[in-house]
Amino acid sequence: MTATFDVLVIGGGATGAGLLRDLSRRGLHCLLVEKGDLGSGTSGRYHGLLHSGGRYVAKDPSAARECIAENRILRRIAPACIEDTGGWFVATPHDPDDYVDGFAAACAATGVDCEERPAAELLRREPALHPGIRRAFRVPDATLEPWQLIEANLADARAHGAEAWPYRRLVGFDRRGDRLLAARIADAQGGEEQVSAACFVSATGAWAGGVAALAGAEVKMSPGKGTMLVFNERMTDTVVNRCHRPGDGDIMCPVHTVAILGTTDILVDDPDHFEITSAEVVELLAEGEKLFPGLSRRRLLRAYGGVRPLYKPPEPPEPSEAAGSVGAGGAAGAGSGGGDRAISRSHYVIDHAAADGIAGFVSIVGGKLTTYRLMAEQTADLVCRKLGLAEASTTAREVLPDQGDRRHYWLGDRLAEHEADGGGDADLICECEFVTRAGLERFLDQRWPCSLDDVRRGTRLGMGPCQGGFCTFRAAGIVAQRLATGRDAAGSGEGGIAAAADAATVGFLRERYKGGRPIAWGRQLQELWMTSGLYWGTLGVAGIPGPSRTSPDGRGTRAAR
Ligand SMILES: Cc1cc2nc3c(=O)[nH]c(=O)nc-3n(C[C@H](O)[C@H](O)[C@H](O)COP(=O)(O)OP(=O)(O)OC[C@H]3O[C@@H](n4cnc5c(N)ncnc54)[C@H](O)[C@@H]3O)c2cc1C
């Protein structure tokens, strides 16, 4: 079967979702395909920061300009996705005077709002910070919820006639001469279908090299792994950055009920297979101590990693399309001396007609989540020029749907909602994140069939202190009930409902354990063993993973079972 669209967007991260929105608002009939769940790539595994641009003012000024411009736009069009925490750049005793002295001027030169405040004021507001902090600069950093943002972009795209298909992987193209005719799309059940389009756009981030190769084009990505540590409390209510040339472990972001320290930056070969090492955890904690003394003794919930879609153009990009790329904002200055921090965080729209002689194929690479909308707009401009369409982008001025009362959700809102509905027994499925049976059922109604990991992205189930220990079996039970009542009897598969519930449990806990292993020591190791015992020992679910023993100094690591 062949489906026909004007444009096929490959990749369901923030960039792909933003592009689907932009193109469909300009009147094009578009489809997006995503190999996993929507937002399960780098966009769902990032640090959480809506950049003010402050991080890039010295090293990557054009990236700084893009960030502050988009920061202002996103506050207007996506207010419910943003927690306006504000941000600080702080000079610890470890940060060089020359960088700190030039910071405010560099902000002024790039248009990043910045105000120096007395360090004593900062320490009064954020008492967990290092008492030796000597200077403090206030900037408009914030945190940005990725899945809500992606959903809102897709909702707007759907309202303009677009479709988005999760769990559909692009596996090849049909090409005649210099033109792509159709894409071959595989589903999770082994089926395959063809999609023909006038234009194909790869918004596949760190995977863009592999997707380009399927078309016979070349995109040389430099995937940069970053590891982050999640603490079980907000030791700061404001984003805190070290005031120095960007390095590892120098930003703490308060996100919902937790705080996240990040990141590292290490080149990897394959964005699907990378490891988080205890050496990275140790390094992050050592760096984090410079911001928050005693951090290593606070309770960690998990470590997680994502892969940056970094791209190094084959030659310095021209401001025009002559070399096949547009939108490239200046190359990086001298790097921080290792990893891939020397590569610009700007983005590149690659026209493969100019770069590889392949008509109707475009890749968008690089960038940041903060600049997803701009990346989408510039890519859509190129697509529209190719298709002879004069419509301009409207995404910077039209507010995204589902922005409610323009306020960011926090945990207490769910309790307030429950109380407003009469209160009483909430039938709680996840106590840590206040996910009720009703809330879970609502999500399943909208997204079924889906995995428990999809439920986590949509509801935060399993993301609190117990990391799924007490909510997984309840949620798996509800999924099994849904199968039993025949709402999707076909989904129960071989072995029946109990097997499906077990499979959901094991799949979900495996993912949670991945994040627990690199930080499995002390109280968190006890918790991992308790969860393992609950499911493996008490409930008799086969295939539950056990934690390895790892000490903070990296010694004595061994498999638990
Ligand atoms: C550790 C880390 C921290 C970061 N912190 C920040 C931050 O604080 N602020 C910020 O603004 N930015 C941050 N970034 C950068 C930001 O996360 C990324 O630039 C952004 O999320 C990329 O979005 P994307 O849509 O381009 O890529 P992705 O979100 O990766 O989307 C690409 C999608 O393509 C899909 N795909 C791949 N191949 C195929 C195929 N064959 N068929 C179908 N689908 C396919 C993938 O599954 C994936 O979902 C961070 C990045 C990392 C790694």
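Below: a short report on this structure. Model, not experiment: these values are computed from the prediction. (Residues numbered from 1 in each chain as written. Predicted model: local features only at pLDDT ≥ 70, side-chain atom pairs only at ≥ 80, totals over all residues. Heavy atoms only, no water.)

**With respect to the nonpolar core**
In globular proteins that are soluble, nonpolar side chains generally tend to be buried together.
Part 1: The biggest cluster of nonpolar side chains holds 43 residues, and the ones touching the most others in it are Val7, Leu20, Leu23 and Leu144.
Part 2: With 28 residues, the next largest nonpolar core counts Leu8, Ile10, Ala183 and Val365 among its residues. (Core = buried A, V, L, I, M, F, W, Y, C linked by side-chain atoms within 4.5 Å. Buried < 20%, exposed > 50% of the residue type's maximum accessible area, 1.4 Å probe, protein only.)

**With respect to the site of the ligand**
Part 1: Residues in contact with the ligand amount to 35 residues; listed here are only the nearest, Thr15, Glu34, Ser43, Leu49 and Thr370.
Part 2: Here Lys35 contributes a backbone N or O atom positioned 3.1 Å from a nitrogen atom of the ligand.
Part 3: At a separation of 2.8 Å, a nitrogen atom of the ligand approaches a polar backbone atom of Leu49.
Part 4: For the ligand, whose unbound accessible area comes to 1,000 Å², protein coverage reaches 96%.
Part 5: Within the residue set of the shell around the ligand, elements represented by two or more residues are α1 (14–25), β10 (168–176), β13 (224–231) and β18 (300–308).
Part 6: The residue makeup of the shell around the ligand, split by class, is 13 nonpolar, 16 polar and 6 charged. (Near = heavy atom within 4 Å. Polar contact = N/O pair within 3.5 Å; in protein donor to acceptor, adjacent residues only side chain to side chain. Areas by Shrake-Rupley, 256 points an atom, 1.4 Å probe, with all protein chains shown as cover. Helix = DSSP H or I, 4+ residues; strand = E, 2+ residues; numbered from the N terminus. Nonpolar A, V, L, I, M, F, W, Y, C, P; charged D, E, K, R; others polar.)

**Some words on the packing of aromatic side chains**
Part 1: If you walk through the whole model with that rule in mind, you get 7 aromatic pairs.
Part 2: Here Lys368 stacks its cationic end above the ring of Tyr56, 5.2 Å away from the centre of that ring. (Phe/Tyr/Trp six-rings, centres within 6.5 Å; stacked < 30°, edge-to-face > 60°. Lys NZ or Arg CZ within 6 Å of the ring centre and 35° of its normal.)

**A word on the sheet that holds strand β4 (residues 82–83)**
Part 1: If you trace the 3 strands from one edge of the open sheet to the other, you get β3-β8-β4, paired in antiparallel fashion. Bordering the open sheet on either side are β3 (49–50) and β4, each of which pairs with just one other strand.
Part 2: Sheet analysis places β4 next to strand β8 (residues 142–144), joined by 2 bridges and oriented antiparallel. From the neighbouring strand, Ile82 faces β8, where its bridge partner is Leu144. (Pairing = 2+ DSSP bridges.)

**Observations concerning empty space enclosed by the protein**
Part 1: The full count for this structure, using the stated rule, is 1 cavity of 30 Å³ or more.
Part 2: Of all the secondary-structure elements, those providing two or more residues to the lining of the largest cavity are β18, α14 (496–516) and α15 (522–538).
Part 3: Among the elements that make up the lining of the largest cavity, the one with the highest residue count is α14 (5 residues).
Part 4: Taken together, the residues of the lining of the largest cavity break down into 5 nonpolar, 5 polar and 3 charged. (1 Å grid on protein atoms, 1.4 Å probe; cavity = no way out; pocket = protein on both sides within 12 Å on 5 of 7 lines; lining within 4 Å. Points joined across faces, edges and corners; volume = space filled by probe spheres on them.)

**Looking at the pattern of salt bridges**
Part 1: All told, the structure shown has 43 salt bridges when counted by the stated rule.
Part 2: A salt bridge links Arg135 to Asp101; the nearest nitrogen and oxygen atoms lie 2.8 Å apart. Highlighted residues: Arg135 in strand β7 (residues 135–139) and Asp101 in helix α3 (residues 97–110), separated in sequence by 34 residues.
Part 3: Overall, the relative accessible area of 52% leaves Asp101 in the exposed class. (Salt bridge = Lys/Arg side-chain N within 4 Å of Asp/Glu carboxyl O.)

**Brief notes about the pairing of strand β11 (residues 179–187)**
Part 1: When β10 meets β11, the two strands line up antiparallel, connected through 8 bridges. By the bridge assignment for β11, Gly172 is matched with Arg184.
Part 2: Hairpin connection from β11 to strand β12 (residues 192–202): 4 residues lie between these consecutive antiparallel strands, with Gly190 at a positive phi of about 95°.

**A look at α3**
Part 1: The first and last C-alpha atoms of α3 sit 20 Å apart over 14 residues, in line with the 20 Å expected at 1.5 Å per residue.
Part 2: Residues Tyr99, Val100, Phe103, Ala106, Cys107 and Thr110 constitute the buried set of α3.
Part 3: Just beyond α3, the residue with positive phi is Gly111, at close to 80°. (Expected span 1.5 Å × (residues − 1).)

**Some remarks on unusual backbone geometry**
Part 1: Across the junction of Gly262 and Thr263, the peptide omega takes the value -10°, indicating a cis bond.
Part 2: Structurally, Thr263 can be placed in the loop between β16 (258–262) and β17 (266–267).
Part 3: Put simply, Trp448 and Pro449 share a cis peptide bond, and its omega is 0°.
Part 4: When you line up the elements, Pro449 lands in the loop between α11 (437–447) and α12 (452–459).
Part 5: For Gln467, which is not glycine, the phi dihedral falls at a positive 50°.
Part 6: A relative accessible area of 9% means that Gln467 is categorised as buried.

**Notes on the environment of Asp84**
Part 1: On the secondary structure map, Asp84 appears in the loop between β4 and β5 (87–91).
Part 2: Each residue touching Asp84, except ones within four places of it in the same chain, is listed here: Arg75, Asp141 and Ala142.
Part 3: Of the polar contacts made by the side chain of Asp84, one reaches the side chain of Arg75; its length is 3.0 Å. (Contact = heavy atoms within 4.5 Å.)

**Details of the packing of helix α2 (residues 61–77) against helix α9 (residues 372–387)**
Part 1: Interhelical geometry of α2 versus α9 gives an angle of 100° and a closest axis separation of 8 Å. Considering their axes alone, α2 and α9 lie roughly perpendicular with respect to each other. From α2, Glu66, Glu70, Ile73, Leu74 and Ile77 reach across to α9, where they touch Tyr372, Arg373 and Leu374.
Part 2: Broken down by class, the residue content of the contact of α2 with α9 amounts to 5 nonpolar, no polar and 3 charged. (Axes fitted to C-alpha atoms, helices over the stretch in contact; angles between N-to-C directions. Parallel < 35°, antiparallel > 145°, perpendicular 65-115°, else oblique.)

**Here's the deal with the side chain of Ser393**
Part 1: For Ser393, the position within the fold is in the loop between α9 and α10 (411–420).
Part 2: Within the local environment of Ser393, its side chain forms a polar contact with the side chain of Asp22, the two groups lying 2.8 Å apart.
Part 3: A polar contact is formed between the side chain of Ser393 and the side chain of Thr395, at a distance of 3.2 Å.

These results come straight from atomic positions and should not be treated as a statement about function.
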